[in-house]
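Residues per chain are reported as follows:
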Amino acid sequence: MSSAVAMEATRRRQRLSSNGGASETTEEPAGQWGRAWEVDWFSLSAVILLLCTAPFLVFFFVMVCDQYQCSVSQPLVELYSGEATLRSIWDKAPSFTWTAAQIYTVWVSFQVVLYMCVPDVTHKFLPGYAGGVQDGARTPAGLINKYEINGLQSWLITHALWYANAQYFHWFSPTIIFDNWIPLLWCTNILGYAVSTFAFVKAYLFPTNAEDCKFTGNVFYNYMMGIEFNPRIGKWFDFKLFFNGRPGIVAWTLINLSYAAKQQELYGYVTNSMILVNVLQAIYVLDFFWNEAWYLKTIDICHDHFGWYLGWGDCVWLPFLYTLQGLYLVYNPVQLSTAHAAAVLLLGLVGYYVFRSTNHQKDLFRRTEGKCSIWGKKPTFIECAYRSGDGGLHHSKLMTSGFWGVARHLNYTGDLMGSLAYCAACGFGHIHPYFYIVYMTILLVHRCVRDEHRCSSKYGKDWKRYTDAVPYRLLPGIF
Ligand code: NDP
């Protein structure tokens, strides 16, 4: 916010009473919102550490399966004892291949075509599904972007083709993804870095909306966390919507299917653990696409700027690390006892129920502006006011009933329960598949703190009233 706008905003600042009643003019400063304007040393160190280590971490978790049956400790022991060197490990890893480059080019191009050239028709015949052109949330500069929501359709077409190929056409083997996994890693890295660098340069040279750009003055932070809020090419190619959802999340279920096909090829059967991982993660992916319009109102789209964190993360981190369980099960085909399988299924489904219901309650509450029923009652809420960068005053409501009255982020708790279920489906032989729950816990706790920091600067005292009313974040009575 420029200082002139901020002063103007301060002059015009109005605060609503707690019940959303009459508003009055005060001289209090308006809360700022969006990501950091200034970078402290801790954030800068974290950013540089992540930029330097994340690509190696992805390589490590994939390489240990390829060379060490997914044992995380074995390469470290061999390095320590001198049996292996970094060079020998690197030399054994499959390198870039033109076959992988062709597969990946066809894949990304196909997803671009489905995203840009096939307007959604599924919303016309699927009751309750919100597809087609939808509004996004208000940006910090006060804009409301339009999005073409056709992710579910893209997912259905892609999976129908995958099925048709596996059953009838046999153009390629269903194990194609597994068979080219490490060469594909190099290709996804090329795209991840290219997209992040392009978005970085674009923000300086031809931003889509200059008023929604944020420059912190620190080049590493800008590169990692992004400058542009909603970079686009033309009217419709939205970087965030495409890269967040399409090449990575559509691929997620195909990657798992490829792992299941590999188990079948290697052992002549598919384990119940592999089926569980496929089913639970497919529910999560389908939920994402069914609710793609709702996704426009989540933090990724509403608040994060587009940089390496989203660009590289969506191209590389997500497809490789969110699918570690299936990869592990190819090398370690675990057959679970019925009781173990049932417990994993239950945990996964209860987690999904909490995750979905919590998200649904907020969506319903916000869509109807509180005129709805939550757990059979009229929802209670705290009325808030905030200012966008253009100085405009807006009103909002923070719900304090349903799951949102139990804790401030039970959707994350449900997500974590589901994540734990995927890991537990792999048995207890190795820690490799459990990396996911460790990562998700760090991601969602950090996200929680980050979001609350932002909400606190956006809503000021109103946020404090909300946290007094709902004191816990993820686990009532504990955190
Ligand atoms: P939320 O959907 O929880 O959105 C947080 C925002 O909701 C806040 O910034 C605030 O926005 C608004 N809000 C907060 N409290 C209330 C309330 N009491 N009543 C009404 N609105 C409120 O967070 P995310 O966008 O992070 O997550 C969406 C889902 O995606 C979650 O279920 C999460 O688990 C999942 N997720 C999964 C990831 C994965 O990698 N698998 C990664 C990230 C998220 P406002 O400014 O509008 O008030």
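As a convention, each chain's residues are numbered from 1 in the sequence order in which they are written. In view of the model being predicted, local features appear only for residues whose pLDDT reaches at least 70, and side-chain atom pairs are presented and counted only at 80 or more, with totals across whole chains, interfaces and linings using the full set of residues. Calculation of side-chain values draws on the structure's entire complement of heavy atoms; hydrogens and water are dropped beforehand.

### With respect to the overall build of the chain
Point 1. Secondary structure follows DSSP: runs of H or I at least 4 residues long count as helices, runs of E at least 2 residues long count as strands, and numbering of each begins at the N terminus. In terms of helices and strands, the chain carries 21 helices and eight strands.
Point 2. This radius of gyration counts C-alpha atoms alone. The globule rule is 2.2 Å times how many residues there are, raised to the power 0.38. Relative to the compact-globule value of 23 Å for 479 residues, the chain shows a C-alpha radius of gyration of 23 Å, a close match.
Point 3. The dimensions of the chain, computed from C-alpha atoms along their principal axes, are 70 × 50 × 50 Å.
Point 4. Burial here depends on accessible area, computed with a 1.4 Å probe over protein chains only, as a share of the maximum for the residue type. Under 20% is buried, over 50% is exposed, and the range in between is partly exposed. A total of 479 residues make up the chain; the buried ones form 55% of that total.
Point 5. Summarising the internal contacts of the chain: among those between residues at least 6 apart in sequence, 75% fall at separations of at least 24.
Point 6. Just so you have it, the chain exposes about 21500 Å², and 66% of that area is on carbon and sulfur atoms.
Point 7. Counting rule for charge: Lys and Arg are taken as positive, Asp and Glu as negative, and neither His nor the chain ends is counted. Taken as the charge centre is NZ of Lys, CZ of Arg, CG of Asp or CD of Glu, depending on the residue. Within the chain, the 33 negative side-chain charges are centred at a point lying 7 Å from the centre of the 36 positive side-chain charges. Residues are treated as being in contact if the distance between any of their heavy atoms lies within 4.5 Å. Computed with the Shrake-Rupley method and a 1.4 Å probe, the accessible areas treat only the protein chains shown as cover for residues.

### Some thoughts on the site of the ligand
Point 1. Distances are taken per atom, and a residue is near a molecule or strand as soon as one of its heavy atoms is within 4 Å of it. Taken together, 27 residues sit near the ligand, with Y322, Y412, D451, R454 and Y459 positioned nearest.
Point 2. Y322 is positioned such that a nitrogen or oxygen atom in its side chain is 2.5 Å from an oxygen atom of the ligand.
Point 3. A distance of 2.4 Å is found between an oxygen atom of the ligand and a side-chain nitrogen or oxygen belonging to Y459.
Point 4. Contact with the protein chains covers 92% of the free accessible surface of the ligand, which is 920 Å².
Point 5. Here the shell around the ligand gets eight residues from one element, more than from any other, and that element is helix α20 (residues 435-459).
Point 6. Split into classes, the residues belonging to the shell around the ligand amount to 14 nonpolar, five polar and eight charged. Definition of a polar contact: a pair of N or O atoms within 3.5 Å, with one able to donate and the other able to accept a hydrogen when the atoms are protein atoms, and with sequence-neighbouring residues admitted only if both atoms are side-chain atoms. Think of it as three bins: nonpolar holds Ala, Val, Leu, Ile, Met, Phe, Trp, Tyr, Cys and Pro, charged holds Asp, Glu, Lys and Arg, and polar takes everything else, Gly as well.

### Details of the side chain of K397
Point 1. Relative to the helices and strands, K397 resides in strand β8 (residues 393-399).
Point 2. Sequence-distant contacts of K397, defined by excluding residues within four places in its chain, comprise F365, R366, E369, F381, I382 and E383.

### What to know about the UniProt feature "transmembrane region" (unreviewed entry) in the chain
Point 1. In the UniProt entry, the feature "transmembrane region" (unreviewed entry) is given for residues 41-64, 266-286, 306-324, 336-355 and 419-445.
Point 2. Span residues 266-286 is 81% helix and 0% strand, its end C-alpha atoms 28 Å apart. UniProt positions are given in the numbering used here, feature names are shortened, and annotations may be inferred rather than shown by experiment.

### Concerning unusual backbone geometry
Point 1. The phi dihedral of H170 falls on the positive side, at around 55°, and the residue is not glycine.
Point 2. H170 sits in the exposed class, given a relative accessible area of 53%.
Point 3. With a phi angle near 55°, E369 is a residue other than glycine that sits in the positive phi range.

### A short note on the pattern of salt bridges
Point 1. Whenever Lys or Arg places a side-chain nitrogen within 4 Å of a carboxyl oxygen from Asp or Glu, that contact is recorded as a salt bridge. Summed over all chains, the structure comprises 17 salt bridges.
Point 2. Residues R232 and D238 are paired through a salt bridge, measuring 2.9 Å at the closest nitrogen-oxygen approach.
Point 3. With a relative accessible area of 10%, R232 lands in the buried category.
Point 4. Of the residues examined, D238 reaches a relative accessible area of 0% and is grouped as buried.
Point 5. Here R356 and D287 are joined by a salt bridge, their closest N and O atoms 2.6 Å apart. A residue pair is termed long-range when its members are at least 10 positions apart, and R356 in helix α17 (residues 338-367) and D287 in helix α12 (residues 272-290) qualify at 69 residues.

### Remarks on the pairing of strand β3 (residues 132-138)
Point 1. Two strands make a pair as long as DSSP finds a minimum of two bridges between them. Examined bridge by bridge, β3 and strand β4 (residues 144-149) share five bridges and lie antiparallel to one another. Its bridge partner being in β4, D135 is matched across the sheet by K146.
Point 2. Linking β3 to β4, which pair antiparallel, is a turn of five residues; within it G142 sits at a positive phi near 100°.

### Observations regarding the packing of aromatic side chains
Point 1. Aromatic contacts are taken between Phe, Tyr and Trp rings whose centres are within 6.5 Å, Trp giving its six-membered ring; a plane angle under 30 degrees counts as stacked, one over 60 as edge-to-face, and the others as tilted. Under the defined criterion, the tally for this structure stands at 50 aromatic pairs.
Point 2. Considering the side-chain rings of W375 and F403, the 4.9 Å spacing of their centres and the 75° angle between planes classify their relative orientation as edge-to-face. Of this pair, W375 sits in the loop between α17 and β7 (381-387) while F403 sits in helix α18 (residues 403-406), placing them 28 residues apart in sequence.
Point 3. Only Lys NZ and Arg CZ are tested; either one counts as a charge over a ring when it is within 6 Å of the ring centre and within 35 degrees of the ring normal. The cationic tip of R232 hangs over the ring face of Y147; the distance from NZ or CZ to the ring centre is 4.7 Å.
Point 4. One cation-aromatic arrangement involves K458 over Y386; the distance from NZ or CZ to the ring centre is 4.2 Å.

### Focus on the pairing of β7
Point 1. For β7, the buried fraction is high: six of the seven residues fall into the buried class.
Point 2. With seven bridges connecting them, β7 and β8 associate as antiparallel partners. Opposite A385, over in β8, you have H395 as the bridge partner.

### Here's the deal with helix α5 (residues 98-117)
Residues spaced three or four apart along an α-helix point in a common direction, a consequence of the helix completing one turn every 3.6 residues.
Point 1. The first and last C-alpha atoms of α5 sit 27 Å apart over 20 residues, in line with the 28 Å expected at 1.5 Å per residue.
Point 2. Residues A100, A101, Y104, W107, V108, Q111, L114 and Y115 constitute the buried set of α5.
Point 3. If you follow the buried residues of α5, they end up packed against β4, α7 (151-169), α9 (181-205), β6 (237-238), α11 (239-267) and α15 (308-321). An expected span of 1.5 Å times one less than the residue number is assigned to each helix.

### Points about the state of the cysteines
Point 1. In what follows, a disulfide is any cysteine sulfur pair within 2.5 Å. Tallied over the full model, the rule gives one disulfide.
Point 2. Paired by a disulfide, C65 and C70 hold their sulfur atoms 2.1 Å apart. The sign of the S-S torsion, about 115°, decides the handedness of the disulfide formed by C65 and C70: right-handed.
Point 3. Residue C65 is classed as buried on the basis of its relative accessible area of 1%.
Point 4. Free of any disulfide, C302 has its nearest neighbouring cysteine sulfur in C455, separated by 10 Å.

### Quick look at the nonpolar core
Point 1. We call a set of buried Ala, Val, Leu, Ile, Met, Phe, Trp, Tyr and Cys residues a nonpolar core when their side-chain atoms join them within 4.5 Å. Ranked by size, the top nonpolar core spans 115 residues in total, and within it W181, W317 and Y322 carry the most contacts.
Point 2. Discounting chain neighbours no more than four positions away, the residues touching Y322 are W252, Q281, W317, Y436, Y439, M440 and L443.
Point 3. In terms of nonpolar packing, the next biggest core, distinct from the first, is built from 14 residues, C372, C384, M399 and Y459 among them.

### A short note on a nonpolar patch on the surface
Point 1. A residue counts toward a patch only above 30% relative accessible area and without a salt bridge, and it is joined to like-charged neighbours within 9 Å or, for Val, Leu, Ile, Met, Phe, Trp and Tyr, to nonpolar neighbours within 5 Å. Taken together, the side chains of I157, L161, Y163, Y168, F169, W171 and F172 make up a nonpolar region of the molecular surface, amounting to roughly 760 Å² of accessible area.
Point 2. When you line up the elements, Y168 lands in helix α7.

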